[in-house]
Amino acid sequence: MRDMQIHKNTSLKALNTFGVDGNAKYYCEIHTMEDIADLLDWKATNKAGENSPHLLVGGGSNLLFKNDYDGLVTKICLAGRDIADEDENHVYVTAAGGENWHDFVRWTVRQKYAGLENLSLIPGTVGAAPIQNIGAYGVELADSFYSLQAVDLGTGEVFEYQKSACKFTYRESIFKSQMLDKLLITSVTFALTKESKQPIWKTDYAGVREVLGGKELTAELISDVIIALRQSKLPDPEVIGNAGSFFKNPVLSLAEWQVLKADNSEVPGWEQANGDMKTSAAWLIDQCGFKGYKKGDAGVSEKHALVLVNYANATGADLWAVAQEIMASVKERFGVSLEAEPRVISC
Ligand SMILES: Cc1cc2nc3c(=O)[nH]c(=O)nc-3n(C[C@H](O)[C@H](O)[C@H](O)COP(=O)(O)OP(=O)(O)OC[C@H]3O[C@@H](n4cnc5c(N)ncnc54)[C@H](O)[C@@H]3O)c2cc1C
């Protein structure tokens, strides 16, 4: 008997942190590995399953639905955490793909495992975290990543990906490019450092450094500070719909950077390992006067120029129109192309 239900015509509103409404033609939830087998069965044996586009969602915090979704939306709700292994310095912790990322991070810091503390309060699920190699406050998921397990949505085969196979770079991975929509990530394993084994803390970040100065560091303390800092800077999606930073920080060649810097002496830049320069999308957008911008119900946060917000009942198309306006303005004034960080879904 099939437990997993395929529902018809489900609202998208609760499935994305922008809170934009729309309709998913089909919708289902994955709570167990058996549900995945049922899903693959439906896709293979049902005409609608064979022909429908298919989108996996976790917390919906890195998505913008431009309109209705004319296919199957599958929410990943797989739950569970486990200590998979341990050696003198590390614990290898596995969490299921549907676990809430922040709850998982808080659990690790309370166990005195270091590595994920700087990534506190990032919304979403564990399974989605490797997709764009989430990062914050000088740390990326890749820094503590050990391996993940994923099911091939075409064949049902289960694969294990070690770190080198994931091709992690800045907000990118193989799961966001070559393997996009081909795999369902069921669990992720992290190699975390035991707090007693002198982890390398990353606290040299404005706003973190000052608060922690002189204190004895623990993963939980750093996590507490990061949480407070993020709460002061970023709008809470529970209060006002958003998907965090809407644009990636542009990476420029040295020649492009020199042209930009010559005309804009204040522009911030960070040198990359290959000599390229990463600059601040927030600074560029702020200079174009978009902070607090509002067009109908769509706009830009008053707290942060990088965050697009749904002030009330904006549609995905309204938000995308504001994003395009910003991109055109930054391009015209600075000659820099901005790229959206969340996935823009049009189906
Ligand atoms: C307020 C706010 C702050 C944020 N801050 C940060 C930040 O500091 N750093 C950062 O990197 N990001 C940040 N984000 C973006 C977002 O939280 C992360 O990208 C997060 O990992 C997305 O998780 P999710 O479960 O919501 O993914 P979703 O938005 O549901 O999905 C994102 C992508 O992952 C795919 N996917 C989801 N689950 C699975 C799975 N189990 N298997 C395979 N594919 C899957 C989806 O198909 C989609 O392509 C922020 C967002 C918000 C709203």
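Owing to the predicted nature of the structure, the values given are computational and were not obtained by experimental measurement.

Turning next to the nonpolar core. F65, F246, F247, I285, I326, V330 and L338 are the most contacted members of the largest nonpolar core, which totals 46 residues. Elements with a minimum of two residues in this core: β2 (23–30), β3 (54–57), β4 (63–65), β5 (69–76), α6 (254–263), α7 (281–287), β19 (298–300) and α8 (316–334). The element contributing the most residues to this core is α8, with 8 residues. Residue contributions to this core reach at least three from each of two domains, namely domain 1 (7–76) and domain 3 (241–345).

Annotation of the chain at the domain level lists domain 1 (7–76), domain 2 (81–233) and domain 3 (241–345). Averaged C-alpha coordinates put domain 2 and domain 3 at centres separated by 26 Å. Listed per partner, the contact involves 10 residues of domain 2 and 7 residues of domain 3. For the pair domain 2 and domain 3, the interface holds 3 salt bridges. A salt bridge links R343 to D181, with the shortest nitrogen-to-oxygen separation between them at 2.7 Å. Inspection of the region where domain 2 meets domain 3 yields 5 residue pairs in polar contact (both at pLDDT 80 or more).

Attention now moves to the packing of aromatic side chains. Evaluation of the coordinates by the stated rule reveals 15 aromatic pairs. Judged by centre distance (5.0 Å) and plane angle (70°), the rings of Y92 and Y146 are edge-to-face. With Y92 in strand β7 (residues 90–96) and Y146 in strand β11 (residues 145–152), this residue pair connects regions lying 54 residues apart in the sequence. Ring geometry for Y137 versus Y205: centroids 5.0 Å apart, planes at 65°, classification edge-to-face. With Y137 in the loop between β9 (135–136) and β10 (139–140) and Y205 in the loop between β13 (183–194) and α4 (209–212), this pair connects stretches of sequence that are 68 residues apart. A connected cluster of aromatic rings, assembled from ring pairs, spans W101, F104, W107, Y113 and F190. A cation sits over an aromatic face here: K294 above Y311, 4.7 Å from the ring centre.

Here we come to the sheet that holds β19. The 4 strands are arranged β14-β20-β19-β18 in an open sheet whose pairing can be described as antiparallel. Each end of this open sheet is capped by a strand with a single partner; those strands are β14 (241–245) and β18 (294–295). Relative to strand β20 (residues 307–310), β14 runs antiparallel, the two being bridged by 3 bridges. Along β20, the bridge assignment pairs N242 with V309. Together, β18, β19 and β20 form the strand contacts of α8, whose direction differs from that of β19 by roughly 40°.

Moving on to the packing of helix α3 (residues 101–110) against helix α5 (residues 219–233). Two numbers describe how α3 lies on α5: the axes approach to 8 Å, and their chain directions differ by 145°. Handedness of the α3/α5 crossing: left-handed. Where α3 approaches α5, its residues H102, R106, V109 and R110 are matched on the opposing element by A219, E220, S223, D224 and I227. Counted by class, the contact of α3 with α5 contains 3 nonpolar, 2 polar and 4 charged residues.

Lining the immediate environment of the ligand, one finds 35 residues, of which L56, G58, S61, T125 and G135 sit closest. In this structure, G58 approaches the ligand through a main-chain N or O atom, which is 2.7 Å from an oxygen atom. Protein contact buries 95% of the 980 Å² of open area that the ligand shows by itself. For the shell around the ligand, the secondary structure elements donating two or more residues are β3, β9, β13 and β14.

Even without being glycine, R171 reaches a positive phi, approximately 55°. Considering the arrangement of structural elements, one finds R171 in the loop between β12 (158–162) and β13. Judged by its relative accessible area of 12%, R171 is buried. In this structure, Q198 takes a positive phi of about 50° despite not being glycine. Mapped onto the elements of the fold, Q198 is located in the loop between β13 and α4.

The next point concerns α3. Every α-helical turn comprises 3.6 residues, leaving residues that sit three or four positions apart pointing alike. Of all 10 residues making up α3, 8 are buried, and the element is well covered by its neighbours. Taken together, the buried positions of α3 are occupied by W101, H102, F104, V105, R106, W107, T108 and V109. Elements that come into contact with the buried residues of α3 comprise β6 (81–86), β7, β8 (113–114), β13 and α5. Where α3 begins, the side chain of N100 points an oxygen toward the backbone nitrogen of H102, at a separation of 3.0 Å. Residue K112 follows α3 closely and has a positive phi angle near 70°.

All right, on to the environment of A298 then. Among the structural elements, A298 can be located in strand β19. Expressed as a C-alpha distance, the spacing of A298 and A312, which sit 14 residues apart in the sequence, is 7.9 Å.

Judged by pairing direction, the sheet is antiparallel, and its 3 strands sit side by side in the order β15-β17-β16 without closing on themselves. Two strands in the sheet have a free side with no partner beyond their single neighbour: β15 (251–252) and β16 (269–271). Of the strand pairs in this sheet, β16 and strand β17 (residues 277–279) are connected by 3 bridges, and their pairing is antiparallel. Bridging across to β17, W270 finds its partner in K278.

The rules behind each value
- Residues numbered from 1 in each chain as written.
- Predicted model: local features only at pLDDT ≥ 70, side-chain atom pairs only at ≥ 80, totals over all residues.
- Heavy atoms only, no water.
- Core = buried A, V, L, I, M, F, W, Y, C linked by side-chain atoms within 4.5 Å.
- Buried < 20%, exposed > 50% of the residue type's maximum accessible area, 1.4 Å probe, protein only.
- Helix = DSSP H or I, 4+ residues; strand = E, 2+ residues; numbered from the N terminus.
- Domains from an automatic or database assignment.
- Contact = heavy atoms within 4.5 Å.
- Salt bridge = Lys/Arg side-chain N within 4 Å of Asp/Glu carboxyl O.
- Polar contact = N/O pair within 3.5 Å; in protein donor to acceptor, adjacent residues only side chain to side chain.
- Phe/Tyr/Trp six-rings, centres within 6.5 Å; stacked < 30°, edge-to-face > 60°.
- Lys NZ or Arg CZ within 6 Å of the ring centre and 35° of its normal.
- Pairing = 2+ DSSP bridges.
- Axes fitted to C-alpha atoms, helices over the stretch in contact; angles between N-to-C directions.
- Left-handed = near helix turned anticlockwise from the far one by under 90°.
- Nonpolar A, V, L, I, M, F, W, Y, C, P; charged D, E, K, R; others polar.
- Near = heavy atom within 4 Å.
- Areas by Shrake-Rupley, 256 points an atom, 1.4 Å probe, with all protein chains shown as cover.

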